[in-house]
Structure formats: C-alpha cells, structure tokens
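Structural overview for review
Each chain is listed here by its residues.
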Amino acid sequence: MADEVSLLDFWPSMFGMRVRVTLAEKGIKYEYKEEDLRHKSDLLLKMNPVHKKIPVLIHNGKSVCESLVIVQYIDEVWKDKSPLLPSDPYQRAQARFWADFIDKKIYEPGRKLWATKGEEQGAAKKEFLDIFKILEGELGDKPYFGGETFGFVDVSLITFYCWFYVYETFGKFSFEAECPKILPWAKRCIQKESVAKTLPDQKKVYEFVLEMKKMFGLD
Amino acid sequence: MGEELKLHGAWISPFVYRVIWALKLKGVPYEYIEEDLSNKSPLLLKYNPVHKKVPALVHAGKPICESMIIVEYIEETWPQYPLLPIDPYERAMARFWVKFAEEKGDAVWALFRTSGEEQEKAMKGTLEMLKTIEEHSPDAKKFFGGDKIGIVDIAFGAIGYWLGVVEELLGVALFEAHAFPRLHAWLKNFTEAPKIKENLPGRDELVVFVRSWRAERLLASQN
C-alpha cells in the first residue's frame, strides 16, 4: 500500500522546516501545501482543530500536529532509514530534553529581536544570547548535538539558522563573535542535502520579516 | 536491575508527582529525596544545572530532568504497565496531548503566582484549556490511556488535582462539574485509582502551604 503523505506548512516557519528536513532525511515523498496564515484553509482547521497551526502532517488521512511530535512520529514509522533519535533510553531522554529546551526558549526572544525596540529588545537580546551560550556548552566539541551523527536535537535547532541574518541584523550582534561554536556546527548541518534543500535563503527570510514589520506597523 | 534510582523532589510539586505516579504504577523502587526549594541542594543544582528545578531523576548516577521527559524515560526503561500505546499514530496523539498539557497547564500554575489582571488572564486561560480537554475527554470509567492510566492521564492528573487546590485557595470555582462533566468524572476516577490515591499530597496541607507562600511573596514584593 503506497503511503499518502502531505504537509501543511508555511515556508519561513522554522517549525515546519523541522518536518521538511526529517521527511527529506528519510527520503519520503510527500505533497507540500503552502498555507496563508491570514486565511487558513478548511483543511488546516479540520486537521488541527485544537491549535489551528502549521505544521500538520497528514499520513493516510490522519493528522499529526506539533513539529517535534511529528518528527518523532516520522522517526518511528520510517525507522529503517536515518534514525534521528538514539536507541539508548538515557540518550533519548537527553535528546528530548535539549529539543524541548530549544522548542521552549528560542522563538519568543528571537521574535522580540525583530518585533520590538528599546528595553524590551535589549532584554530579549540578552536572553537569546544566554540561551545560545548554553547550547554552545552542550554542543562542546562534538560534530553534532547528537554526537557523531545528525540527530533529533540538530533538526530541532538547525531550522533557526535561516533566521540568523534577521536576528543578527535587528539584534546588532554576530553569532561568530558571541557563540563561535554555533556557526561551524550549522555549516556542517548545511552540508547535508536534506538541510540545504529545505532551508530558505537567509536574505529571503529577512525580506519576509521586513514585509511583516511593514504590514503590522512595526517599523 | 539493581541500579540506584533516586528522585529529587518537593512534596508540593505537581511535576514531581507525575514521576512518582509513573514509578508507582510500574512498581519501580526508588529513593526519594525531599528538596527545600528555598535552599536547593548542591546535588540538585549539579543534576539540573539548566533549569535548577525538581523533579530530577537520577539513575545509576545519571540525571534526567523535566517531568514528562522523565516519565518517557521511565516508560522506555521499565516496560511493565505500559504508559504509551504501541501504535505510532496513537503514540503521536498521546505526545500531542502531553505537549498541550505542558503548554496550557501554565495558566493553572500562573493562578498560584499571580493576582489582579494577570490572574484574571490565567483564569481565562484555564477555562479555555478545560473546554478543549472536555471535548476530547474519555468516556465514563475510562482513562485517556483507555482501560488503564496512561501518560496523558499522568500529565493532566497533576494539573487537575492542583487546580482543586488553587480553587480552594482563591475561593473560585473554575472546574465545575456541570460545565465539564466528562473531565470531572475522569479526575474523580483518576484520583481514586489505587496507585494514585495512595500517592497524593494532602489537599488541606497544600492549601495551607500555598496560602502562606503567596502571603510571603506579596510581602516581599511590597518591600
């Protein structure tokens, strides 16, 4: 029986990208459907009635929501290719811990870097950089967060990489100066086809943010 | 498996109880270490340097943190009394609801910490959360996990029981039986289940503790 897989997504979403990278890693064919978040489709509202958000994976008619839940689902169903979670329970707990940390901590201060000014932006910048310094510490000298191979934590974090130009420009800092280990790690991940083909260009994301700021009067 | 298992916790913490329930349901022996949250032990800070919180489960010297991540670890290490289904889709649904509990449960925890406008907002958030879960509640006599308690019951159970505490504390009725009949019946079922009933902190004791904790905080914020 051929699997029918489709993904409801929004091209600049770092959460949606996690699913796209995972599908690419596993070599899964799927139909991509771009959502206009200001005019959500009936399908999206039906498939994610609780949150009405992307990404939503639809596998043989059944929907899975929440990016990291989707990634784990894909990892469990298509388990024979490129496993993302380690097999050891303790290592899995560590991977889940760091993915959860990334999931909870980065988005909001990151958003404030481009959406706010003055004191609020300053506080967000400090928080944002503190978080990345903690992540740098966790990465250490390993090639990937997962150790020798690209894994669950790497997928969770790398999708923020295409937003780095936005963060650096509005936050007025450089990752190279503040968190020197992060860029070499990101460049290593970008060498993987699944990542390179998924992540949009940093400048394209920046232009998207400029448009959003204009639209919401955040200039 | 005779490796050392220790749980660093605090009797007032709903997050700690999630871990206790998982261990008790599976019949896994462990040593419990009560932490004074106003004076955290160097050991706790060593085991949870990122968040500095309880619970921290330490298995053969290796720490695992964040309540629901600990519960998944327990599930994968001790397979008896499974808390997650076998089917990947059913597992994804369970994880979806666990994430929902983690995100939306924040409104309930905020009720403990806040007052005035912030607390009003938290009450609204709590009601919205309850409304959503009510729609997806299990049938009478059943659990979210089906015939047996599962990971979603554990996630919501902590929220449900502690919500009762804050309602009593604030003298409000948010989780009313007539508004949330299925959820109400589920919580009663859950808190009366043998392994859970024996492992719940006293409601009166919790109310007394939280009352004095809030008074202390108010005083501290005024000085």
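In this text, all values refer to a predicted model and were calculated from it rather than measured experimentally. (Residues numbered from 1 in each chain as written. Chains lettered and ligands numbered in written order. Predicted model: local features only at pLDDT ≥ 70, side-chain atom pairs only at ≥ 80, totals over all residues. Heavy atoms only, no water.)

Right, let's talk about the nonpolar core for a bit. Residues Phe132, Leu135, Trp163, Tyr167 and Trp185 of chain A together with Leu57 of chain B are the most contacted members of the largest nonpolar core, which totals 137 residues. Those residues within four positions of leucine 135 of chain A in sequence are excluded, and the remaining contacts are Trp98, Phe101, Ile102, Ile106, Phe145 and Leu157 of chain A. In this structure, Val5, Leu7, Leu57 and Tyr73 of chain A belong to the second largest nonpolar core, which totals 14 residues. (Core = buried A, V, L, I, M, F, W, Y, C linked by side-chain atoms within 4.5 Å. Buried < 20%, exposed > 50% of the residue type's maximum accessible area, 1.4 Å probe, protein only. Contact = heavy atoms within 4.5 Å.)

What follows covers the UniProt feature "domain: GST N-terminal" (unreviewed entry) in chain B. Under the feature "domain: GST N-terminal" (unreviewed entry), the UniProt entry names residues 3–82 of chain B. In this annotation, residues 3–82 of chain B is assigned 36% helix and 21% strand; the end-to-end C-alpha distance for the span is 21 Å. (UniProt positions renumbered as here; feature names shortened; annotations may be inferred. Helix = DSSP H or I, 4+ residues; strand = E, 2+ residues; numbered from the N terminus.)

In this structure's numbering, the residues bearing the UniProt feature "domain: GST C-terminal" (unreviewed entry) are residues 87–208 of chain B. The span residues 87–208 of chain B shows a helical share of 71% and a strand share of 0%, and its end C-alpha atoms are spaced 44 Å apart.

For the rest of this paragraph, the subject is a positive patch on the surface. There is a patch of like positive charges on the surface, built from Lys105 of chain A together with Lys40, Lys52, Lys53, Arg113 and Arg217 of chain B. Tracing the backbone shows arginine 217 of chain B in helix 10 (residues 203–222). According to the relative accessible area criterion, arginine 217 of chain B is partly exposed, its value standing at 39%. (Patch = residues over 30% accessible without salt bridge, like charges linked within 9 Å, V, L, I, M, F, W, Y side chains within 5 Å. Areas by Shrake-Rupley, 256 points an atom, 1.4 Å probe, with all protein chains shown as cover. Salt bridge = Lys/Arg side-chain N within 4 Å of Asp/Glu carboxyl O. Lys, Arg positive; Asp, Glu negative; His and termini not counted. Charge placed at Lys NZ, Arg CZ, Asp CG, Glu CD.)

Across the boundary between the two partners, chain A contributes 26 residues, which contact 26 residues of chain B. Of the roughly 2300 Å² buried between chain A and chain B, counting both surfaces, carbon and sulfur atoms make up 66%. For the interface between chain A and chain B, the tally reads eight salt bridges. For the salt bridge of glutamate 66 of chain A with lysine 99 of chain B, the shortest nitrogen-to-oxygen distance reads 3.1 Å. The tally of links between chain A and chain B comes to eleven residue pairs in polar contact (both at pLDDT 80 or more). When contributions to the side of chain A that touches chain B are tallied by element, the ones reaching two or more residues are strand 4 (62–65), helix 3 (67–77) and helix 4 (89–105) of chain A. When residues of the side of chain A that touches chain B are assigned to their parent elements, the largest contribution, 13 residues, is made by helix 4 of chain A. Partitioning the side of chain A that touches chain B into residue classes produces 13 nonpolar, four polar and nine charged. (Buried area = accessible area lost by both parts, 1.4 Å probe. Polar contact = N/O pair within 3.5 Å; in protein donor to acceptor, adjacent residues only side chain to side chain. Nonpolar A, V, L, I, M, F, W, Y, C, P; charged D, E, K, R; others polar.)

Between isoleucine 54 of chain A and the following residue, proline 55 of chain A, the backbone shows a cis peptide bond with an omega angle of 0 degrees. A cis geometry characterises the amide bond from valine 54 of chain B onward to proline 55 of chain B, with omega recorded as 0 degrees. Within the element layout of this structure, proline 55 of chain B appears in the loop between helix 2 (42–47) and strand 3 (56–59). Although it is not a glycine, lysine 172 of chain A sits at a positive phi angle of roughly 55 degrees. Topologically, lysine 172 of chain A is positioned in the loop between helix 8 (164–171) and helix 9 (175–178). At lysine 141 of chain B, a position not held by glycine, the phi torsion is positive, near 70 degrees. Structurally, the position occupied by lysine 141 of chain B is in the loop between helix 6 (116–135) and helix 7 (151–170).

Our next topic: the UniProt feature "domain: GST C-terminal" (unreviewed entry) in chain A. The sites that UniProt annotates as "domain: GST C-terminal" (unreviewed entry) are residues 88–216 of chain A. End-to-end, the C-alpha atoms of residues 88–216 of chain A are 46 Å apart, and along that stretch the chain is 74% helix and 0% strand.

Below, the discussion takes up helix 3 (residues 67–77) of chain B. Given 3.6 residues per turn, any residue in an α-helix points the same way as the ones three and four places further on. Of all eleven residues in helix 3 of chain B, ten are buried, a share of seventy percent or more. Among the residues of helix 3 of chain B, those classed as buried are Ser67, Met68, Ile69, Ile70, Val71, Glu72, Tyr73, Ile74, Glu75 and Thr77 of chain B. In this structure, the buried residues of helix 3 of chain B make contact with helix 4 of chain A together with helix 1 (14–25), strand 3, strand 4 (62–65), helix 4 (88–104) and helix 7 of chain B.

Residue and element names in this part refer to chain A. In the structure shown here, the tally under the stated rule is 37 aromatic pairs over all chains. With a centroid separation of 3.7 Å and an interplanar angle of 10 degrees, the aromatic rings of phenylalanine 164 and phenylalanine 175 are classed as stacked. A residue pair is termed long-range when its members are at least 10 positions apart, and phenylalanine 164 in helix 8 and phenylalanine 175 in helix 9 qualify at eleven residues. Both residues of the pair, phenylalanine 164 and phenylalanine 175, count as buried. Aromatic rings pair up to connect Phe10, Trp11, Phe128, Phe132, Tyr161, Trp163, Phe164, Tyr167, Phe173, Phe175 and Phe208 into one cluster. In this arrangement the basic side chain of lysine 203 is found over the ring face of tyrosine 165, its NZ or CZ atom lying 5.0 Å from the centre. (Phe/Tyr/Trp six-rings, centres within 6.5 Å; stacked < 30°, edge-to-face > 60°. Lys NZ or Arg CZ within 6 Å of the ring centre and 35° of its normal.)

All names here are of chain B. Here strand 3 shows a buried face lined by Ala56 and Val58 and a second buried face lined by Leu57 and His59. Pairing between strand 1 (residues 5–9) and strand 3: four bridges, direction antiparallel. Its bridge partner being in strand 3, lysine 6 is matched across the sheet by valine 58. With four bridges joining them, strand 3 and strand 4 adopt antiparallel strand pairing. Paired with alanine 56 across the bridge in strand 4 is cysteine 65. What sits between strand 3 and strand 4 in their antiparallel hairpin is a turn of two residues, with alanine 60 showing a positive phi close to 50 degrees. (Pairing = 2+ DSSP bridges.)

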